[in-house]
Amino acid sequence: MIISTQPFLPPKDDYFSMLSQVWQNKILTNMGAFSMRLENELIKYLNVENASLLYVSSGTIALQLSIKALGLKGDIITTPYSFVATTSAIVWENCTPVFVDINPDTLNIDPSKIEQAITPNTCAIIATHLYGNPCDVEALEKIAKKNNLKLIYDGAHAFDVKINNRSIFSYGDVSICSLHATKIVHTAEGGFIVTKNEELFSKMCRMRNFGFSTNDDTISQVGINAKNSELHAALGLCNLQHIHSIFSGRKNLFQRYTEQLKSLPVQYPHRALGSTNNYAYYPVIFESEEQLLLIEKKLIEKKVYARRFFYPSLDKHLPYVQVNNNCKNAQEIIPKVLCLPLHNNLSIQDIDFISSIVKKTFTDFFQLKNKVS
Ligand SMILES: *Cc1c(COP(=O)(O)O)cnc(C)c1O
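Residues numbered from 1 in each chain as written. Predicted model: local features only at pLDDT ≥ 70, side-chain atom pairs only at ≥ 80, totals over all residues. Heavy atoms only, no water.

Trainee: Help me understand the sheet that holds strand β2 (residues 75–78), please; the structure alone is not making it clear to me.
Mentor: Think of a sheet as strands paired side by side through backbone hydrogen bonds, with each pair either parallel or antiparallel. Taken in spatial order, the seven strands make up an open sheet running β1-β9-β8-β5-β4-β2-β3, and their pairing is mixed. On the outer flanks of this sheet lie β1 (52–56) and β3 (96–99), each paired with one strand and no other. In this sheet, adjacent strand axes meet at a mean angle of 25° when their direction is disregarded. Sheet analysis places strand β8 (residues 174–178) next to strand β9 (residues 191–195), joined by four bridges and oriented antiparallel. (Pairing = 2+ DSSP bridges. Helix = DSSP H or I, 4+ residues; strand = E, 2+ residues; numbered from the N terminus. Axes fitted to C-alpha atoms, helices over the stretch in contact; angles between N-to-C directions.)

Quick look at the structure:
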């Protein structure tokens, strides 16, 4: 059986030796030594030394803290093509998501459609770097500045992505990332927030810990428990030690797919110019949803489980969301996107096997039809 994603796990002994330090210190949480070290290593690794980074218990809480700390109220412009947490965080914080359509090439929110959706009620933009492909950060920044909107990036898929040699997390008022087990680098559960705004950072530090001031026991504002544990942080530190093999392994598999599938009449998201790829996902845009469904079925027959990340469009199926703008591109494209399995436990042979099923389905069912039409 081949599943779409599986976590990278460091050698057990590495992790266990860190755990024995935890047993010695008897500090399990509350920003202990491992959590602090993880924050510092992430800052260095991601090259965001001119910003501050906050380790929290999930990517979702990272989004919610950002919205709360920025004091957002009203409408937030966002993308219909993302994981549900991008939208649910907005609703959970009592704001209203306003969906703006995606660019059909990049699959990210289309900046040229944002201004027409701005009203006096709009307070912010939350954009997702879908599949780790950077949004048009220059255009978004311009729009946010001009219209006095806050800009939050959901970089849950974008660990280590750079654009023009600059970390993707250095853009926006705030950028968040997820360190969930399904993401490239993980701490089982976890996430982080990056911001250059020192005041906002201190506020989020307090909010992460029930509102307690960072140097005494006074409480100056409402907070929540968004801390993560030392056990999680230790796992993250172990994973960071293997980061180069995590990326090179994924890159090999990714390139093998591309090589194997190059003759097929399918499309891929266009990557932002000047950006690096972190090989987080292998999304394929098929010619039609029927084609995708047949391929998905043929894969399942061979016990290969690809996933339709993130179907259907967020403006269409959430009971707590009022349908607002008509996101035509999202409606048309999302049903045609299938993410092929990609994780560090797969081999080149697995990729060849998966590719052969996809190719065979094309020769058996679609090639002829293509030639005729
Ligand atoms: C995974 C994910 C999140 C949520 O992160 P968690 O750490 O699972 O809470 C948010 N946004 C996107 C786009 C994601 O893929």
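Once you've had a look at it, read on.
Trainee: Would you explain the site of the ligand in this entry?
Mentor: Within the structure, the ligand sits among 15 residues, and Thr60, Asp154, His157, Ser178 and Lys183 are positioned closest to it. Backbone polar atom of Gly59 to an oxygen atom of the ligand: 2.8 Å apart, as the coordinates give it. Interatomic distance of 3.5 Å between a backbone N/O atom of Gly190 and an oxygen atom of the ligand. Among the detected pockets, the ligand sits in the largest pocket. (Near = heavy atom within 4 Å. Polar contact = N/O pair within 3.5 Å; in protein donor to acceptor, adjacent residues only side chain to side chain. 1 Å grid on protein atoms, 1.4 Å probe; cavity = no way out; pocket = protein on both sides within 12 Å on 5 of 7 lines; lining within 4 Å. Sits in = over half its atoms within 2 Å of the grid points.)

Trainee: Just to check I follow, could you spell out the layout of surface pockets for this structure?
Mentor: Empty space within the largest pocket amounts to approximately 440 Å³. Forming the walls of the largest pocket are 28 residues, and the residues nearest its centre are Phe83, His180, Thr182, Lys183 and Tyr281. Residue assignment for the lining of the largest pocket shows that the elements contributing at least two residues are α3 (59–69), α4 (84–92), β8 and β11 (337–340). The greatest single-element share of the lining of the largest pocket, amounting to three residues, is contributed by α3. Classifying every residue of the lining of the largest pocket by side-chain character gives 13 nonpolar, ten polar and five charged. (Points joined across faces, edges and corners; volume = space filled by probe spheres on them. Nonpolar A, V, L, I, M, F, W, Y, C, P; charged D, E, K, R; others polar.)

Trainee: Where do I start with the pattern of salt bridges in this structure?
Mentor: In a structure, side chains of opposite charge can pair up when their charged atoms sit close to one another. Inspection of every chain in the model, using the stated rule, returns twelve salt bridges. Across the salt bridge formed by Glu301 and Lys298, the nearest N and O atoms sit 3.8 Å from each other. Taken together, the residues Glu301 and Lys298, both in helix α9 (residues 289–301) and three residues apart, mark about one turn of the helix. A salt bridge links Lys360 to Asp364; the shortest N-O distance between them is 2.7 Å. Here Lys360 pairs with Asp364, and both are found in helix α12 (residues 348–372), just four residues apart, close to one helical turn. (Salt bridge = Lys/Arg side-chain N within 4 Å of Asp/Glu carboxyl O.)

Trainee: What is the right way to read the environment of Phe99 from this model?
Mentor: Among the secondary structure elements, Phe99 is positioned in strand β3. By relative accessible area, Phe99 is classed as buried at 0%. As for Phe99 and Gly211, which are separated by 112 residues in sequence, their C-alpha atoms are 32 Å apart. For Phe99, the contacting residues outside a window of four places in its chain are Thr78, Thr79, Pro80, Thr87, Leu314, Asp315, Val321, Asn324, Asn325 and Cys327. (Buried < 20%, exposed > 50% of the residue type's maximum accessible area, 1.4 Å probe, protein only. Contact = heavy atoms within 4.5 Å.)

Trainee: So what exactly am I meant to see when it comes to the pairing of β2 here?
Mentor: Looking along a regular strand, one sees side chains alternate from face to face of the sheet. Here β2 shows two buried faces, one formed by Asp75 and Ile77 and the other by Ile76 and Thr78. As paired elements, β2 and β3 share four bridges and run parallel to each other. If you follow Asp75 over to β3, its bridge partner there is Thr96. Crossover connection from β2 via α4 to parallel β3: handedness right-handed. Judged from the four bridges that link them, β2 and strand β4 (residues 122–128) form a sheet pairing that is parallel. Bridged to Ile77 within β4 is Ile125. (Right-handed = clockwise from strand over helix to strand, strands pointing away.)

Trainee: Mind showing me how you'd approach the packing of aromatic side chains here?
Mentor: The description of an aromatic ring pair rests on the distance of the ring centres and on the angle between the ring planes. In this structure the tally under the stated criterion is 18 aromatic pairs. On the basis of an interplanar angle of 70° and a centroid distance of 5.6 Å, the ring pair of Tyr268 and Tyr282 is categorised as edge-to-face. Of this pair, Tyr268 sits in the loop between α8 (243–260) and β10 (282–285) while Tyr282 sits in strand β10, and the two are 14 residues apart along the sequence. Judged by relative accessible area, Tyr282 falls into the buried class, the value being 1%. Arranged with centres 6.5 Å apart and planes meeting at 50°, the rings of Phe365 and Phe366 form a pair that is tilted. Between Lys183 and the ring centre of Phe83, over which it is positioned, the NZ or CZ distance is 5.9 Å. Residue placement shows Arg308 over the ring face of Tyr311; its charged tip is 3.7 Å from the ring centre. (Phe/Tyr/Trp six-rings, centres within 6.5 Å; stacked < 30°, edge-to-face > 60°. Lys NZ or Arg CZ within 6 Å of the ring centre and 35° of its normal.)

Trainee: In this structure, what is going on with empty space enclosed by the protein? I would like to understand it.
Mentor: The method is simple in principle: a probe with the dimensions of a water molecule rolls over the atoms, and the space it marks as empty is what remains. On inspection of all chains with the given rule, the structure shows two cavities of 30 Å³ or more. Of the voids in this model, the largest cavity is the one considered here, and its volume is about 70 Å³. Tallied by class, the residues present in the lining of the largest cavity amount to seven nonpolar, three polar and two charged. Quantified by volume, the second largest cavity comes out at close to 30 Å³. As for the second largest cavity, its lining consists of Thr5, Gln6, Pro7, Phe8, Thr182, Lys183, Ile184, Arg250 and Asn344.

Trainee: Where do I start with the nonpolar core in this structure?
Mentor: Soluble, globular proteins show a tendency: their nonpolar side chains are buried together. Counting residues in hydrophobic clusters, the biggest one holds 73 residues, and the most contacted among them are Leu42, Tyr81, Tyr131, Phe159 and Phe192. The element that contributes the greatest number of residues to this core is helix α7 (residues 230–240), accounting for six residues. (Core = buried A, V, L, I, M, F, W, Y, C linked by side-chain atoms within 4.5 Å.)

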